[in-house]
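Each chain, letter by letter, is given below.
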Amino acid sequence: KKNNSVSLVGFGTFSVGMMFLCAVMHPLSELPTKASYALSWNPIVHIEEKLREYGLGMEPDPNITLAYPMGFALTMLFLGFVAYYANRFRVLER
């Protein structure tokens, strides 16, 4: 039981940190310029801002597009295919 409570505290700390890093609690327009620039590198922030625009009718940041998260996802997919192809024999041995 003691290990479960420690892991739940760790998960809670992690999830709260991720909420701030993904701008779930606040829109980018409420942040200082440097903070909004740093958070704009996170593709999840772009999706959150578009959800606010379409769902709540809030004005989005002009630099927010859905092309960035889609490009990021396709790049990660391509890198995953390359990593699998490079290690395909080791993966199939298991």
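Residues numbered from 1 in each chain as written. Predicted model: local features only at pLDDT ≥ 70, side-chain atom pairs only at ≥ 80, totals over all residues. Heavy atoms only, no water.

Peer 1: Let's hear about the nonpolar core: which residues, and what values?
Peer 2: Judged by nonpolar contacts, Ala 23, Leu 28, Leu 39, Val 45 and Ile 64 together constitute the single largest core of 5 residues. With sequence-adjacent residues up to four places away left out, Ile 64 is seen in contact with Leu 28, His 46, Glu 49 and Lys 50. (Core = buried A, V, L, I, M, F, W, Y, C linked by side-chain atoms within 4.5 Å. Buried < 20%, exposed > 50% of the residue type's maximum accessible area, 1.4 Å probe, protein only. Contact = heavy atoms within 4.5 Å.)

Peer 1: Go over the packing of aromatic side chains with me, naming the residues and quoting the values.
Peer 2: Here the structure, examined in full by the defined rule, presents 2 aromatic pairs. Seen from their ring centres, Tyr 37 and Trp 41 are 6.2 Å apart, and the 90 degrees between their planes marks the pair as edge-to-face. Under the relative-accessibility criterion, Tyr 37 is labelled exposed at 53%. Judged by relative accessible area, which is 53%, Trp 41 ranks as exposed. Between Tyr 68 and Phe 72 the ring centres are 6.5 Å apart and the planes differ by 40 degrees, which places this aromatic pair in the tilted class. Of the two residues, Tyr 68 and Phe 72 are both situated in helix H4 (residues 67–86); the distance of 4 residues between them amounts to about one turn of the helix. Judged by its relative accessible area of 38%, Phe 72 is partly exposed. Above the ring of Tyr 85, the side-chain terminus of Arg 88 is found at 3.9 Å from the ring centroid. (Phe/Tyr/Trp six-rings, centres within 6.5 Å; stacked < 30°, edge-to-face > 60°. Helix = DSSP H or I, 4+ residues; strand = E, 2+ residues; numbered from the N terminus. Lys NZ or Arg CZ within 6 Å of the ring centre and 35° of its normal.)

Peer 1: Account for the pattern of salt bridges, naming residues and giving values.
Peer 2: A full pass over the atoms with the stated rule returns 2 salt bridges. A salt bridge links Arg 52 to Glu 49; its shortest N-O distance comes to 2.9 Å. Taken together, the residues span about one helical turn, with Arg 52 and Glu 49 both in helix H3 (residues 43–56) at a distance of 3 residues. With relative accessibility at 10%, the residue Arg 52 sits in the buried group. The salt bridge partner of Lys 50 is Glu 53, with a shortest N-O separation of 3.0 Å. Of the two residues, Lys 50 and Glu 53 are both situated in helix H3; the distance of 3 residues between them amounts to about one turn of the helix. Residue class for Lys 50 comes out buried when judged on its relative accessible area of 14%. (Salt bridge = Lys/Arg side-chain N within 4 Å of Asp/Glu carboxyl O.)

Peer 1: If you had to explain the packing of H3 against H4 to someone new, which residues and values would you point to?
Peer 2: Interhelical geometry of H3 versus H4 gives an angle of 140 degrees and a closest axis separation of 8 Å. At the point where H3 passes H4, the crossing takes the left-handed sense. Contacts from Pro 43, His 46 and Ile 47 in H3 reach Tyr 68, Pro 69 and Phe 72 in H4. Residue composition of the contact of H3 with H4, grouped by class: 5 nonpolar, 1 polar and no charged. (Axes fitted to C-alpha atoms, helices over the stretch in contact; angles between N-to-C directions. Left-handed = near helix turned anticlockwise from the far one by under 90°. Nonpolar A, V, L, I, M, F, W, Y, C, P; charged D, E, K, R; others polar.)

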